[in-house]
Each structure stands twice: as structure tokens, then as C-alpha cells.
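A structural walkthrough
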Amino acid sequence: MSDKELREKMLSYVRRLTDSGWLVGTSGNMSVRNEEDASFLITPSSIDYQEMEPEDLFLIKADGTIVPGTGRPTSSLAFHKRILSERPDCNVIIHTHAPYATAASTVAMEVPAVTFPAVCYLGGAIPVSEFADNGSEQEAHNIMEALGKTHQAVLMQNHGAVAIGKNLEDAWMNMAHLEECCKVWILAKSTGINPKSL
Ligand SMILES: [Zn+2]
């Protein structure tokens with residue numbers, strides 16, 4: 001896939017973020033690896049998703065060179081870089097503030113796999129990465145530690161969620177499965193009875 005095609009495909013998913021209910025304003029971000037040359041595209045900071053153009057995306061080459069987009073890259077660049085380098089099975093990363101996932105992240109405990117897709121697609125119970133300053137190397141370290149080699153999604157304590165996947169659709173669905181699992185868990189707990197996990 002050419003750089004132009006990849007930018008356009010990524011933008012079609014970036015625009016879906018606005019309708020997802022998983023964000024407030026310009027929060028959240030996304031990166032997509034180009035499997036052909038190990039570079040990756042990443043969203044810029046503080047640009048309205050509906051108005052974002054293909055040339056606004058930043059290109060990070062395999063040697064770390066940054067080909068400018070518009071403004072500056074997302075403040076979450078450090079953890080995108082870290083995950084892409086340590087998880088060769090992952091080509092796409094999506095970070096959101098999906099409400100049920102973010103609510104669950106404040107409890108700062110693993111969310112049990114209470115839904116079938118959590119078991120099938122996310123790697124079971126959803127881990128939580130310890131809170132660290134936004135965009136810091138410590139944050140990247142904590143997320144990677146929670147994600148490990150097998151999980152497809154992680155909660156960021158008192159912040160939000162990260163889902164990964166081998167392609168855009170996969171990462172998108174993993175974020176949806178994560179939000180659903182957290183929603184079901186919270187609603188089930190509101191009955192006063194502890195939900196069973198799978
Ligand atoms: Zn965030």
C-alpha cells in the first residue's frame with residue numbers, strides 16, 4: 001500500500017473516532033505501521049478529527065526521523081513507538097477515553113473477562129497500567145508492562161484505554177470489545193452481586 005493510500009485509509013478510521021463517543025474534543029490518537037518499510041503514521045496533536053487532512057499526519061521513519069505533518073505529533077508518541085517496537089504482531093494502536101473503560105481505569109484493578117469477546121479477542125482479563133505523566137517514557141513503560149506479549153487492550157489508570165491490532169479493523173474492534181466488557185462489568189456490579197468471569 002502506498003503512503004498516500006495508507007494515509008487515506010487511516011484517516012477514514014480517524015474520522016470514525018468523532019462518532020464513536022470514545023473521545024472528548026481532540027483527545028485520543030492513532031498510529032499505523034507501514035509493514036513494507038517499518039515506518040509508521042501518527043495523528044497530530046490538537047487538530048479536529050473531522051478537519052484532519054492526509055498531509056496533517058506525521059510519518060515516523062524506521063530510523064526515528066520525523067517527517068513533519070501539521071503542528072506537532074500527538075503527546076502520546078512515546079507509547080505508540082514503544083508498543084510498535086515491542087509487539088511485532090501489532091500494526092495499529094488506538095488510544096481513547098471511552099467512558100466505561102475510563103471509569104473502570106479509575107478503580108485501578110484488572111477488569112475480569114465478563115464477556116465472550118474479551119476472552120476470544122483481548123486475551124482475557126483486561127490489565128491496568130499504573131498512572132504516569134501524559135506522554136512520558138514512564139507512561140510508555142507502564143503500558144508496555146501491562147500489555148505484555150499477549151494482551152490486545154489495556155486500561156491506563158485514571159486516563160483511558162489503548163487497543164492494538166494487526167490492522168485498522170482489528171484494532172477498532174478490540175477497542176469496541178474492551179469498552180463493551182467494561183460496560184457490562186460496571187452494570188453487572190451495580191446490581192450488588194459480583195459478576196462471574198469466563
Ligand atoms: Zn488520553
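Structure: above.
What comes next is a walk through the structure. (Residues numbered from 1 in each chain as written. Predicted model: local features only at pLDDT ≥ 70, side-chain atom pairs only at ≥ 80, totals over all residues. Heavy atoms only, no water.)

Looking at the coordination of the zinc ion
Distances from the zinc ion to its protein donors, His95 (NE2), His97 (NE2) and His159 (NE2), fall at 2.1 Å. Positions of the donor residues of the zinc ion, expressed as sequence spacing, correspond to H-x1-H-x61-H. Taking relative accessible area as the criterion, His97 reaches 26% and is therefore assigned partly exposed. (Donors = N, O, S within 2.8 Å, 3.2 Å for Na, K, Ca; no water. Buried < 20%, exposed > 50% of the residue type's maximum accessible area, 1.4 Å probe, protein only.)

Section: the layout of surface pockets
Size it by volume and the largest pocket reaches roughly 210 Å³. Lining the largest pocket are 13 residues, with Met1, Leu6, Val32, Arg33 and Glu35 positioned closest to its centre. Mapped onto the lining of the largest pocket, the elements with two or more residues apiece are helix 1 (3–20) and strand 1 (29–34). Here the element with the most residues in the lining of the largest pocket is strand 1; it accounts for 3 residues. Computed from the structure, the second largest pocket encloses a volume of approximately 160 Å³. For the second largest pocket, the lining is made up of 14 residues, of which Ser27, Gly28, Asn29, Thr74 and Ser75 are closest to its centre. Classifying every residue of the lining of the second largest pocket gives 1 nonpolar, 13 polar and no charged. (1 Å grid on protein atoms, 1.4 Å probe; cavity = no way out; pocket = protein on both sides within 12 Å on 5 of 7 lines; lining within 4 Å. Points joined across faces, edges and corners; volume = space filled by probe spheres on them. Helix = DSSP H or I, 4+ residues; strand = E, 2+ residues; numbered from the N terminus. Nonpolar A, V, L, I, M, F, W, Y, C, P; charged D, E, K, R; others polar.)

Thoughts on the pairing of strand 1
Taken across its 6 residues, strand 1 has 6 buried, putting it largely inside the fold. Burial along strand 1 is two-sided: Asn29, Ser31 and Arg33 and Met30, Val32 and Asn34, pointing in opposite directions, are all buried. As judged from the 4 bridges shared by strand 1 and strand 5 (residues 92–96), these two strands associate in the antiparallel manner. Paired with Ser31 across the strands is Ile93, a residue of strand 5. In terms of strand pairing, strand 1 meets strand 2 (residues 39–42) through 4 bridges, oriented antiparallel. (Pairing = 2+ DSSP bridges.)

Digging into empty space enclosed by the protein
The final tally for this structure, using the stated rule, is 1 cavity of 30 Å³ or more. Taken as a whole, the largest cavity spans an internal volume of roughly 50 Å³. Residue lining of the largest cavity: Ser129, Glu130, Phe131, Ala132, Glu139, Ile143, Met156, Gln157 and His159, and that is the complete set. The class makeup of the residues in the lining of the largest cavity is 4 nonpolar, 3 polar and 2 charged.

Remarks on the packing of helix 3 (residues 99–107) against helix 6 (residues 168–189)
Relative to each other, helix 3 and helix 6 sit at 60°, their axes nearing to 8 Å. As the angle between them shows, helix 3 and helix 6 are arranged oblique. Of the two possible hands of crossing, helix 3 and helix 6 adopt the one that is left-handed. Here Pro99, Tyr100, Ala101, Ala103, Ala104 and Val107 of helix 3 come into contact with helix 6, specifically with Leu178, Glu179, Cys182, Lys183, Trp185 and Ile186. The residue inventory of the contact of helix 3 with helix 6, partitioned by class, reads 10 nonpolar, no polar and 2 charged. (Axes fitted to C-alpha atoms, helices over the stretch in contact; angles between N-to-C directions. Parallel < 35°, antiparallel > 145°, perpendicular 65-115°, else oblique. Left-handed = near helix turned anticlockwise from the far one by under 90°. Contact = heavy atoms within 4.5 Å.)

A word on the state of the cysteines
Counted according to the given criterion, the structure contains 0 disulfides. Left without a disulfide partner, Cys90 is nearest to the cysteine sulfur of Cys182, which lies 19 Å away. We note that Cys120 lacks a disulfide partner, and the nearest cysteine sulfur, in Cys181, lies 12 Å from it. (Disulfide = S-S within 2.5 Å.)

A short note on the environment of Gly192
Considering the arrangement of structural elements, one finds Gly192 in the segment after helix 6. The spacing of Gly192 and Glu35 is 157 residues in sequence and 47 Å in space, taken between C-alpha atoms.

A few points about the environment of His177
Locating His177 in the fold gives a position in helix 6. Separated by 32 residues in sequence, His177 and Glu145 place their C-alpha atoms 21 Å apart. Beyond its immediate sequence surroundings of up to four residues, His177 is in contact with Pro117, Tyr121 and Leu122.

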